[in-house]
Amino acid sequence: MGEVYSYRLDTDAQGVTLSALIEPQFAHLLKEKTRFWSVSGLKTRFDASGIELELDSIASLIAGGIAFDSPADSAQSDAIQPFQLYSSLAHAARGHAIKIALPQDHGLPGQGTRITYQGLEVGEITRIDMTESHPDPIATAKLDPSMTWLLSQDTRIRIEQPQIGFDGLKNIGNLVLGNYLSIEPGSADAAHVKAGHLFTASTQHQQRKQQDNALTVTLTADDAYGLKQHTKVLHRGIQVGFIDHIGLNKRDNVTIDVVIDPKHRHLVKQASQFFILGGITGQLSGEGLDVVVPAMEQIADPALSFTSQGAKGVNDSYPLYTSSIQAKHAKQNTQGQTRFTLVADRLPSISEGSPVMYRNFIVGEVEGYQLNGQSVTIAIAVSNRYKHLIHRNTVFWNQSGLDIKANLSGVEINTGSVRSLLNGGIAFADMPGISNQRQGEWKLYPSRQEAAQYGVDITLTVNQANGIKIGSAIRYQGVDVGEVIDMSPNFSQEQVRIQARLYPKYNNPWRVKGVISG
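Residues numbered from 1 in each chain as written. Predicted model: local features only at pLDDT ≥ 70, side-chain atom pairs only at ≥ 80, totals over all residues. Heavy atoms only, no water.

> Can you walk me through a nonpolar patch on the surface in this structure?
The grouping of Val4, Tyr7, Leu9, Val16, Leu18, Ile66 and Leu85 at the surface amounts to a nonpolar patch, some 680 Å² of accessible area in total. Looking at the nonpolar patch, the elements with two or more residues in it are strand 1 (2-9) and strand 2 (16-22). Broken down by element, the nonpolar patch gets its largest block of residues, three residues, from strand 1. (Patch = residues over 30% accessible without salt bridge, like charges linked within 9 Å, V, L, I, M, F, W, Y side chains within 5 Å. Areas by Shrake-Rupley, 256 points an atom, 1.4 Å probe, with all protein chains shown as cover. Salt bridge = Lys/Arg side-chain N within 4 Å of Asp/Glu carboxyl O. Helix = DSSP H or I, 4+ residues; strand = E, 2+ residues; numbered from the N terminus.)

Following this line, the structure appears as structure tokens:
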């Protein structure tokens, strides 16, 4: 509408006179009761607490700015009429008065807080009061009379807060000057407000939470893991919500309330898994070291993410996993497991959680073990996806650490899986003709080599065991096909029971006809 083209110090040195040029098409707006006020520059206030600075914008600090208002009932101004420049809209005693309800933690500096529309200052707060009739602070503000069209039943007023993230800074000046308000007008056909209408101001996150059909989801965890209110919630790298509240429930578990935007609420399903996306995570598996490296933004600014899977609907709560890897393993566990019991002469170098492997691929884990007299029983759990791999020809052996074989041709080293090197492990495979049961339970061999060389156990009964001892050979037409491994008398039958073992290549005992010799 115009510009300031000169300024000079008054003769008494008590003020400054500005000369402004108004464009001809706007000259009719100047009235006798027109008032001008500053909407720019760096404002300072001095008091006993120190110096308070207020900066509207970098542009206004450099170029400055002036606004004015002219009452409709005022007479046209004389061309030489001087006008006073007021320091603010409030000091000009102009503006449309409105009242705004503020949240308890509004963060506004108080009197002089600016109100903007699309970056343009359109008003300011004149005072903030607390009353007994209303639980929240009430702000009284003055709005530029020419901007009253912004006010309707649908008008939303937002508290603009500083936002600091890996992707940049927003409203960084608020860290020094405090928060301010911005107006979002409603639809053009929204009803006008009556005098005394109380508007409500809220933060961006509060407005998102108050949207129709916004979804609130509760997560449970053992720890807050450094998460904070307003942490982003992502799905496939796109922000779809935020953390609204973090607290403790009666069971001393951490609860995290997450708000999902209405247009994305359909992504949350009954089998969804929520996990923390931040930092580099890894876990040893049967295929090696499983490492997840998120985007650099998530490393510097952790977020939550989730999967969209399962039937439609939302659960009462969801567990929060510390990483996508942990969520993946939890999903595998929900598919069910089948448990088996192994028996061994001594406990191999395994522990709870050690892997159970088939061809070096992890299909289960060790759940526990205990000593039973002269043997050790080991409980394992195999995922139901792989239980069909275990049948009557299955043989188990210890696959812990390094299996080293040395001969004239060199040294052969079998490491199994990386994880089994650290935690020990159990492996199994199909080995027909190898004894794999002991009193109804699966037998665990010390190594694959010993299992392959073991063969089949048989029981023989004789009236006399003259010359027979442990280690005696079992021969077929002069060829050793097995050996005696144990002997015990059967007093009730007046016989001797002989436990023997046939070598693997002679594993069909019904075809063997021979004698036992000492």
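Once you've had a look at it, read on.
> Would you take a moment to explain the pairing of strand 35 (residues 441-445) for this structure?
The two faces of a sheet get side chains in turn, since along a regular strand they alternate between them. Taken across its five residues, strand 35 has four buried, putting it largely inside the fold. Of the strand pairs in this sheet, strand 26 (residues 337-344) and strand 35 are connected by two bridges, and their pairing is parallel. Its bridge partner lying in strand 35, Leu342 is registered against Trp442. The pairing of strand 30 (residues 394-398) with strand 35 spans two bridges and is parallel. Paired with Phe396 across the strands is Leu444, a residue of strand 35. Both strand 34 (residues 437-438) and strand 35 contribute to a ladder of two bridges, which runs antiparallel. Bridge pairing links Arg438 to Glu441 in strand 35. The turn linking strand 34 back onto strand 35 is made up of two residues, and Gln439 within it adopts a positive phi angle of 55 degrees. (Buried < 20%, exposed > 50% of the residue type's maximum accessible area, 1.4 Å probe, protein only. Pairing = 2+ DSSP bridges.)

> Can you walk me through the sheet that holds strand 25 (residues 318-321) in this structure?
Here we have seven strands rolled up into a closed barrel, ordered 17-20-19-18-24-21-25, and mixed in their pairing. Ignoring which end each strand starts from, the neighbouring axes of this sheet average 35 degrees apart. As paired elements, strand 18 (residues 232-235) and strand 24 (residues 303-306) share two bridges and run parallel to each other. Its bridge partner lying in strand 24, Leu234 is registered against Ser305. (Axes fitted to C-alpha atoms, helices over the stretch in contact; angles between N-to-C directions.)

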